[in-house]
Amino acid sequence: MLTLVHLKKYYATQKAVDDISLKIEKGKIFGLLGPNGAGKSSLLRMVTGITLPDSGKILYDGQEYNQDIHNQWIGYMPEERGLYKKMKIGEQAMYLARLKGLNKIEAMQKINYWFKRLDMESWWNKKVEDLSKGMSQKLQFVTTVLHNPKVLILDEPFSGLDPVNSEIIKQEIFELSKQGVSIIFSTHRMEQVEEICEEIALINQGKIVLEGNVLEIKNRFKKNLYRLAIQEELQGFESNIVQKNMDEYILQFANDQEPNSLLQHCINQHYHIKTFEEILPSLNEIFIQQVENTQASRQFLN
Amino acid sequence: MNKIFIILQREYLTRVKKKSFLILTFLVPILIFGASLLMVYIALQGEEKQKIVVNDESGIFFHRLDKKSKTYTFFAEAPKGNETNRDFAKRVEADIYLHILPFQNSRPDSILIYKEGGVSLGTSLFLSTQLDNIYHVKQMEEAGIDKAKIDSIQNFSLPIKSYDLKDNKETNSAIASGIGYMMGIMIYLVIFIYGSGVMRGVMEEKTNRIAEVVISSVKPFQLMMGKILGIGLVGLTQFLLWGTLIILLQFLLPLIIPSLGDLMQARENIVTAMPASEMPNMGSSDSLAMIQSIMNQNWGLIISCFIFYFLGGYFIYASLFAAVGSLVNEDPQEAQQLTLPVSMPIIFGFIILMTTLKEPNSSLSVFGSMFPLTSPIVMMGRIPYGVPVLQLILSMGLLIIGFILITWMSGKIYRTGILLYGKKTTWKEVLKWLRHS
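What counts, and where the lines are drawn
Residues numbered from 1 in each chain as written. Chains lettered and ligands numbered in written order. Predicted model: local features only at pLDDT ≥ 70, side-chain atom pairs only at ≥ 80, totals over all residues. Heavy atoms only, no water. Helix = DSSP H or I, 4+ residues; strand = E, 2+ residues; numbered from the N terminus. Expected span 1.5 Å × (residues − 1). Buried < 20%, exposed > 50% of the residue type's maximum accessible area, 1.4 Å probe, protein only. Arc of directions from axis to C-beta. Contact = heavy atoms within 4.5 Å. Buried area = accessible area lost by both parts, 1.4 Å probe. Salt bridge = Lys/Arg side-chain N within 4 Å of Asp/Glu carboxyl O. Pairing = 2+ DSSP bridges. Domains from an automatic or database assignment. Axes fitted to C-alpha atoms, helices over the stretch in contact; angles between N-to-C directions. 1 Å grid on protein atoms, 1.4 Å probe; cavity = no way out; pocket = protein on both sides within 12 Å on 5 of 7 lines; lining within 4 Å. Points joined across faces, edges and corners; volume = space filled by probe spheres on them. Nonpolar A, V, L, I, M, F, W, Y, C, P; charged D, E, K, R; others polar. pLDDT = per-residue confidence, 0-100. Polar contact = N/O pair within 3.5 Å; in protein donor to acceptor, adjacent residues only side chain to side chain. Patch = residues over 30% accessible without salt bridge, like charges linked within 9 Å, V, L, I, M, F, W, Y side chains within 5 Å. Areas by Shrake-Rupley, 256 points an atom, 1.4 Å probe, with all protein chains shown as cover. Lys, Arg positive; Asp, Glu negative; His and termini not counted. Charge placed at Lys NZ, Arg CZ, Asp CG, Glu CD. Parallel < 35°, antiparallel > 145°, perpendicular 65-115°, else oblique. Left-handed = near helix turned anticlockwise from the far one by under 90°.

(A) Spatial organisation of helix 4 (residues 121-142) of chain B. Residue and element names in this part refer to chain B. Between its terminal C-alpha atoms helix 4 stretches 31 Å, which fits the 32 Å expected from 22 residues at 1.5 Å a residue. Among the residues of helix 4, those classed as buried are T123, L127, Q130, L131, I134, Y135, V137 and K138. For helix 4, the angular spread of buried residues about the axis comes to 165°, placing them on one side. Within helix 4, the exposed residues directed more than 90 degrees away from the buried face are L121 and T129. Residue G144 follows helix 4 closely and has a positive phi angle near 95°.

And the structure:
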């Protein structure tokens, strides 16, 4: 759907985007991660055609980016976003839809559909300044997806949203992805990424540090840790106990050791097993490990 | 193109639908009109008709006084016995007491005016003109000049006319400078009011963070142009409405309030009877000649030039103001600093306009009318005096080139500035953008 080939954007003081290549499939939710100032926004601005790359290509369905055609394909919700405060909500949605190339009738249908879907029908004549922050974020989301984009680019979409509205938007994102919309989800909030994205790329200082399927990455960085909780004391088992907490053990296995051997042991000893699971590293841990000791990572950790 | 139109439409409608627009549009003509009526009203009615009691011991003046005056009524009466002036005035209920002492050697010894609280300048001017005049006529009569002769002398003023050496056409510098001044000021105001309107619009989009949302749908240049065109149209609408309303008021008000009719008439009388010192170089205050001279102006040229320079000036400055607006972050004070380089040339233009009205062909004026940043204001001051065709073409050409260059430059600044948040931009950086992007 969307392919980035050796994209570069250099500014006078820094290499904002330094040779990034990515591939985003149709209907996939792709997480773009990185600390502040890593180059996410610069990358997204090139993908949306707001700025031009110094070199490299942006391909939509194999075609090089062309404002006249592909602008309509894209729905972009920038990190720095807002609306006209004094404008009525209905008019605002209509205006932004028409700027995306919809005619009045199409735009009206879409607005009605989305306003109904997200319980916003009574908002039409309100002004943005009368809305709460969460409400205006919801409106912002609607104006981004009104024109049925094929590629949806969301930069920190959940910032400023309460849990209830976050959940609503999250469900909408899943729904759109099921309909075949490719979604780029840029954030520095790892727990959201784990929940939502299938594929991710971690960017630091303009470069891709890490890329791939979320589960695959977690497996790549796993440390063979297992959590076991039993009522009895664990005895007579050969392994490195990393941590013991009440009745809970965290064990690190050797590479050739079978996890089933522990279960076997527990059963043989007639232990009462409450929990047994593999501990995969969280993305947060992996990323901190990856960007550690770089200048930008300090902000990231905060 | 279509997207520019959608943007233009929004910019136009949101502004025109605002209450403040309606209030300003309808209030300004009413205020202007009302103020001028009020002035006339005060001039006429502010003082009630004043009663002047005349004790004319010379016997020359009273019957010759102009009894048609709207402000004063005259009647003759002399104090009795040793009544004081004050008691006398009180008894006859006079506001003013004019005491003309008997003549000695055919000259009045002295003429005394009394009034409670002192004599006003208006009264004293009115009376002295009247009395002087009566005395001079009397003198001439005594010298044996007959009445008809005196009248014809009095009603004659010298036929002074000025001509343009080039085409022998009659010129009227007062009219020319009046027209030039009006048009120059109008363009100056338009640039400032609507130009800074564009700047505020851009700042609003940037501080509300809507700019990036919109720019993901349209090119920055389209957004900028849509805004400039939309606000320009708002300005045109406002001017048209003002013009129409003022003309309508002129006709309608006297119908609605009949007593205003007299007032209007009086206003015209005051205007045409304005003393010569207030209208320099006018020769005579003959309103017919003035109207003739206004008609003689090449209005086709003036109006088409006005429209050209109006648009040119607005577009050049609107795009500059848009660029400045895109550099501002949250701080309005920052806006003031950044606006300075843009407002300087406008103010220079205005200063040059002032000298142009006196000397339309001085080298400063010619330069000012060529330089694209000042020409919209300065050239309007020169046109009513007549400008060589070559200069006019050159000035217009330079304005078009200047417009293209500046819009291109502003577009570049705007494109970068509108997406830059939270950092204070210096002019040095801006120059870098111009060179690199």
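Having seen the model, we can carry on.
(B) Representation of the interface of chain B and chain A in the model. Across the contact, 21 residues belong to chain B and 21 residues belong to chain A. Together, the buried faces of chain B and chain A total about 2300 Å²; carbon and sulfur atoms form 56% of this surface. Ranking the residues of chain B by area buried against chain A places R10, E212 and S216 of chain B at the top, with a combined share of 25%. The interface formed by chain B and chain A contains 2 salt bridges. For E212 of chain B, the salt bridge goes to R45 of chain A, with nearest N and O atoms at 2.9 Å. The dominant element in the side of chain B that touches chain A, judged by the number of residues it contributes, is helix 1 (residues 2-16) of chain B, at 5 residues.

(C) Representation of the pairing of strand 11 (residues 225-230) of chain A in the model. Residue and element names in this part refer to chain A. The buried fraction of strand 11 is high, at 5 of 6 residues. Where strand 11 lies against strand 13 (residues 248-252), 5 bridges are found, and the strand directions are antiparallel. Residue pairing across strands places R227 opposite I250, the latter belonging to strand 13. Where strand 11 meets strand 14 (residues 273-279), 6 bridges bridge the pair, whose relative direction is antiparallel. If you follow R227 over to strand 14, its bridge partner there is E277.

(D) Region of the structure containing the domain arrangement of chain B. Considered domain by domain, chain B is made up of domain 1 (50-155) and domain 2 (172-248 + 298-437). The distance between the C-alpha centroids of domain 1 of chain B and domain 2 of chain B comes to 59 Å.

(E) A look at the sheet that holds strand 3 (residues 29-33) of chain A. All names here are of chain A. The mixed open sheet is built from 6 strands, whose spatial order is 6-7-8-3-9-10. The open sheet has two edge strands with one neighbour each: strand 6 (74-77) and strand 10 (207-213). Direction aside, neighbouring strands of the sheet carry axes that sit 15° apart on average. When strand 9 (residues 199-204) meets strand 10, the two strands line up antiparallel, connected through 6 bridges.

(F) Structural detail: empty space enclosed by the protein. Here the structure, examined in full by the defined rule, presents 2 cavities of 30 Å³ or more. Roughly 90 Å³ of volume is contained in the largest cavity. Taken together, G75, Y76, L96, K100, T143, T144 and H147 of chain A together with V213, S216 and S217 of chain B make up the full set of residues lining the largest cavity. Broken down by secondary-structure element, the contributors of at least two residues to the lining of the largest cavity are strand 6 and helix 5 (133-145) of chain A. Tallied by class, residues from the lining of the largest cavity come to 3 nonpolar, 6 polar and 1 charged.

(G) Quick look at the confidence of the model for chain B. Residues and elements named next belong to chain B. Of the residues in chain B, 88% reach a pLDDT of 70 or more, and the chain-wide mean stands at 82. Contacts of residues 273-285 to residues separated by more than four positions or lying in other chains number 10 contacts, the stretch itself having pLDDT below 50. Across the predicted assembly, pTM comes out at 0.75 and ipTM at 0.81.

(H) Focus on the pattern of salt bridges. For the coordinates displayed, the defined rule picks out 23 salt bridges over all chains. K9 of chain A serves as the salt-bridge partner of D54 of chain A, at 3.9 Å between the closest nitrogen and oxygen. Here D54 of chain A is found in the loop between helix 1 (40-47) and strand 4 (55-60), whereas its partner K9 of chain A is found in strand 1 (residues 2-10), with 45 residues between them in sequence. Overall, K9 of chain A belongs to the buried group, its relative accessible area being 13%. Through salt bridges with shared partners, one network takes in R10, E11, R15, E205 and K227 of chain B.

(I) Fine view of the side chain of E156 of chain A. Residue and element names in this part refer to chain A. Within the secondary structure, E156 is located in the loop between strand 7 (151-155) and helix 6 (163-178). A polar side-chain atom of E156 sits 2.9 Å from a polar atom in the side chain of T187. Not counting the four nearest positions on each side in its chain, E156 is found in contact with K40, E79, R81, S186, T187, H188 and R189.

(J) Representation of the domain arrangement of chain A in the model. Entries for chain A in the domain assignment read domain 1 (2-218) and domain 2 (223-279). Summarising the inter-unit geometry, the C-alpha centres of domain 1 of chain A and domain 2 of chain A are found 44 Å apart.

(K) Quick peek at a positive patch on the surface. Residues K88 and K127 of chain A together with K17 and K19 of chain B make up a contiguous surface patch of positive charge. As for its position among the elements, K19 of chain B is in helix 2 (residues 19-45). Residue classification places K19 of chain B among the exposed positions, given a relative accessible area of 68%.

(L) Structural view of the packing of helix 6 (residues 173-207) of chain B against helix 11 (residues 299-327) of chain B. Residue and element names in this part refer to chain B. In the contact formed by helix 6 and helix 11, the axes pass within 8 Å of each other and the chain directions differ by 25°. Judged on the interaxial angle alone, helix 11 and helix 6 are roughly parallel. In terms of crossing hand, the pair formed by helix 6 and helix 11 is right-handed. Broken down by class, the residue content of the contact of helix 6 with helix 11 amounts to 23 nonpolar, 5 polar and 1 charged.

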